[in-house]
Amino acid sequence: MKLIFGILLVGLWTLKASESARPRRSVKEADLDIYSFNVDCKVTSRYAHTVMVSRVANRANVSKEVTFDVELPKSAFISNFSMTMEGKTYVGVVKKKEEAKQQYDQAVARGESAGLVRVSGRKMEEFKVSVAIAAHSKVTFELTYEELLKRNLGNYDIVIKVSPQQLVKNFKIDVDVSESQGISFLDVQGKFLTQELKNAIQKTVTEDKAHISFAPTIDQQRKCPECQESILDGEFIIKYDVKREMSIGNIQIVNGYFVHYFAPVHMPRIPKNVVFVIDRSGSMYGKKIQQTREALLKILQDVNEEDSFGLITFDHSITPWKNKLVKATPTMIAEAKEFVNTIRDSGATDINGAVLEGVKILRIAKEERQVPERSVSIIILLTDGDPTTGVTNLEQIQSNVKTAIKEQFTLYCLGFGFDVNYNFLEKMALENGGVARRIYEDSDSALQLQDFYEEVASPLLMDVELQYLNNEVSSVTQSRFKFFYNGSEIVVAGQITDNDLDFLTTDIKAESVESALILTTKSPIANKDKISEKQQYIFGDYIERLWAYLTIQQKLSKTVTASEEDKKKLQEEALKLSLSYNFVTPLTSMVVTKPEDEGRNQSMVADKPQEGEAHEDDIDGNAYQYFSRSSARHHPMALPGLSGPPGSRVLRKSRNRFWKNSVSIPRPTFRTAKYLRRLPETAPTLTIATVHLLTMPPAPTFITRHVNIYPQDPKFIIPVPSRMHSLCFDVSVSAGTILQLIHDPDSGITINGKTDDAGKIMFQAFSIKYKDQYKVTVGLENITLHTVEDSSDQNWSWKSVQHSADKISLSLVKKNVMKIIFDNKVIKIMLLKSPGPFLWLNVQLGNFSSSSSGLLGQFAKGVSYEEKMVSLNNPSRIELQGHDLDVISKLETDYGNSSKIKVRCFVVDSNGDGLIDGPLSRYIMTDLFEGS
């Protein structure tokens, strides 16, 4: 796994002024001077300790708001954060999450309404904190985080994202690597590195140490000699590995703790038996199925001739390529490629039946001795959604799969995009010896699939166990591993309990392709301590902190499959360690107290959830959450970063007077001015509340949560590519008005909605018509499917929806979310209770044709605008379709998301006049099924 330092150093200029949203570099540079930014990363024996320090001076005559904004690896734990201003240091304190939440609630009770902001990304987590600094004052931000580097495909990778979009003074990144085993190679890469920039890299490599410094001058950063734009735009990558001479691995002991690194080399690979189980249901339509075919063709090309393989595709039916495993001969590979090229999307999703078919093929191969006795058998499941046909109860599927596999095979689950229930896939994988991985919808999705296969392509050992004498050690981390794959590394850490111990005894047992493997060694503790002292480690207790880090990670992983009683115990143990070592983990929160004017302080809380925590509504659940106070009228606004699986940390202030003069601390992955927005690597999901256009760059993946004391009425929310603000509008109609939302003549789908008794778009019913074949009516209590051909009706309540037939399927993916698939068009309808019982629609608008019409369908072809004047919660102006339009900049609730996220909007009043085509009356129907 890569260690990624996306350090936000320069360029997040977001000047908010009432007269203009367009930044003026000379004004900003004169007012807010980032006179120092240093990133110091020390990697010692794979354990990385990173400190980022930024110093900013406000040279203006008025106070200004400064935002410290950094990205860090998702697997990292923050261990320290502080702000120093006017001679006083404000330090973040790690607390139990419930205690931090109580502090948050107390702030609300005092009338300081609190908000929650988080930004999610693919590889990174984002940390933001804002503070107002007085005129002619300075502030220093310092953030520390720690992580154990993981070896992947033979490398440890340090990736520093640089994209300042402007010239930066005193820009410097220092990376030190210290490895007692010795450094076998170290390379510095970056697509943006010109020869001039390469001259700014200082690299020194000795036997066991390396130092890399990157400090380009202003002139070296320029795109051209007279340009003001920066050429720094991309990833600054450091790749390295260590020497591996001892078969027993490398054992290091410091201050009563040990760490054992085991990654044997020059071993023959074990033959592999793999069944690919591929979802081809209607939701895989378009780019997903195309990239899946592309990835499978490349993977098949790389399957070793010693391996056996099988292919299964599934929708509501299961289609094995062959009913048995076959050897990966050139002839079979060619036939398999022909089969892959025929895969097309259609129908519902029967995950249970497909996985069980894969287990059956492997079981028959084993029973009939079609595969070598010493071989590895795995199933790789790829799906992009929840089960919608066959067995759909998630716990029942997990039980069925576990019972069928019986610990004989390994299951890896790949979740494509964000419609998948990641928690479901993760538990099913972990229960069967594998792992889950999210595949992000992006241009490199096929490459992500190929990279995962490469990780598991070459097993070298099975049933690996590292043993230590019980009277010598305690609190040992995971020491049994099902497989060891080429290019990876096994890491075990623990405490030494015998203070008088001279030698640490270690046994390694494993199964290789040829025979059982048994290795024994005794490591002299005195010599190890002496070696360690010579190493100038990050800090003396680095192995102890590595042990704590690894223990917490593994205990949290175990909670996924543990019983409720064991889960509680594991969480208590992980919490105790998190607090002891000051780590921000999914069980703890960091409370930061910011100075406020008028003698008041503001408390902010950050906590780190896990990957699948908010899986279902197109949000990456691995985000750092920040509770922050905002005024009752002015909601905090998130400024998502750029290019970020599975997250963020955000602290924002929202007082209007600060927003008028706010600038963010620069960073390497950001844009400037009003064009700043997150460009996620996921394909967006479109809802009536939030319409993401699949054919264009997606909308920001950030969410802002608030205490919903007064729930907002819903609005149509349309994200716009390359803009921070979405376009939002409401309509005012009479009670029970029927509105045409989408009419697509190409696909034959028409969707209408009936407003509530107050004429609000809190819809009481939806109708979906598919050509002249089907009509679906969805109400608050019942769902009806009318089949035109035989004039039959089928009815369900919201507790029992389940149907699959030719070109149509209906199913519940959650108790309040129903999925309807017509051909390859996926439509979700949500049943919501607040601010009143109503229905909400969630569709992938990009799947509809550009000739679509309707209140929302018209935006399938895209929309854009230019900002003319922006002022938070005050009248603003944009240029849209050649004319000026008065709007209001504010946050609106997205009811298409179960978390009821907040999104930043330009609200267009007067029934969307100037935004929608023609008058509102054009979209009013007299019947639910009119207009098709």
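Before reading further, recall that the structure is shown in the block above.
Residues numbered from 1 in each chain as written. Predicted model: local features only at pLDDT ≥ 70, side-chain atom pairs only at ≥ 80, totals over all residues. Heavy atoms only, no water.

Let's talk about the pattern of salt bridges
Pairing is possible between side chains that carry opposite charge, provided their charged atoms lie close to one another. Counted by the stated rule, this structure contains 29 salt bridges. For the salt bridge of Lys42 with Asp40, the shortest nitrogen-to-oxygen distance reads 3.0 Å. The closest approach of N and O atoms between Lys555 and Glu573, which form a salt bridge, is 2.7 Å. With Lys555 in helix H12 (residues 542-558) and Glu573 in helix H13 (residues 564-580), the pair connects residues that are 18 residues apart, well separated along the chain. Connected through salt bridges with shared partners, the residues Arg46, Arg151, Glu179, Asp241, Arg244 and Glu489 form a single ionic network. (Salt bridge = Lys/Arg side-chain N within 4 Å of Asp/Glu carboxyl O. Helix = DSSP H or I, 4+ residues; strand = E, 2+ residues; numbered from the N terminus.)

A short note on helix H6 (residues 330-340)
For H6, the complete set of buried residues consists of Met332, Ile333, Ala336, Phe339 and Val340. For H6, the angular spread of buried residues about the axis comes to 115°, placing them on one side. H6 presents Pro330, Thr331 and Glu338 as exposed residues on the side facing more than 90 degrees away from its buried surface. Where H6 is buried, its residues meet helix H5 (287-302), strand E20 (308-314), strand E21 (318-320) and strand E22 (326-327). (Buried < 20%, exposed > 50% of the residue type's maximum accessible area, 1.4 Å probe, protein only. Arc of directions from axis to C-beta. Contact = heavy atoms within 4.5 Å.)

As for H13
Its 17 residues give H13 an end-to-end C-alpha distance of 24 Å, which sits within 8% of 24 Å, the value for a rise of 1.5 Å per residue. By the burial criterion, the buried members of H13 are Leu570, Ala574, Leu575, Leu577 and Ser578. Viewed end-on, H13 has its buried residues packed into an arc of 165°, placing them on one side of the element. Opposite the packed face of H13, turned more than 90 degrees from it, sit the exposed residues Glu565, Lys568, Lys569, Lys576 and Ser580. Directly after H13, the chain includes Asn582, whose backbone phi takes a positive value near 60°. (Expected span 1.5 Å × (residues − 1).)

What about the side chain of Ser377?
Summarising the element assignment, Ser377 is placed in strand E23 (residues 376-383). Residue classification places Ser377 among the buried positions, given a relative accessible area of 13%. A distance of 3.0 Å separates the side chain of Ser377 from the side chain of Asn273, its partner in a polar contact. Setting aside its immediate chain neighbours within four residues, Ser377 contacts Asn273, Leu362, Phe409 and Thr410. (Polar contact = N/O pair within 3.5 Å; in protein donor to acceptor, adjacent residues only side chain to side chain.)

What to know about the sheet that holds strand E45 (residues 792-797)
Judged by pairing direction, the sheet is antiparallel, and its seven strands sit side by side in the order E45-E44-E43-E42-E41-E40-E55 without closing on themselves. Looking along the sheet, the strands with just one partner apiece sit at the ends: E45 and strand E55 (924-925). Of the pairings in the sheet, the one linking strand E41 (residues 749-754) to strand E42 (residues 765-770) comprises six bridges and is antiparallel in character. Following the sheet pairing, Ile749 is matched in E42 by Tyr770. (Pairing = 2+ DSSP bridges.)

A short note on the packing of aromatic side chains
The final tally for this structure, using the stated rule, is 24 aromatic pairs. With a centroid separation of 5.8 Å and an interplanar angle of 45°, the aromatic rings of Phe276 and Tyr453 are classed as tilted. Within this pair, whereas Phe276 is found in strand E19 (residues 272-279), its partner Tyr453 is found in helix H10 (residues 445-455), the two being separated by 177 residues in sequence. For the pair Phe276 and Tyr453, a shared accessibility class is recorded, and that class is buried. Taken together, Tyr47, Phe77, Tyr549, Tyr581 and Phe583 form an aromatic cluster joined through their ring pairs. Looking at Arg46, its charged tip hangs above the ring of Tyr261, at a distance of 3.8 Å from the centre. (Phe/Tyr/Trp six-rings, centres within 6.5 Å; stacked < 30°, edge-to-face > 60°. Lys NZ or Arg CZ within 6 Å of the ring centre and 35° of its normal.)

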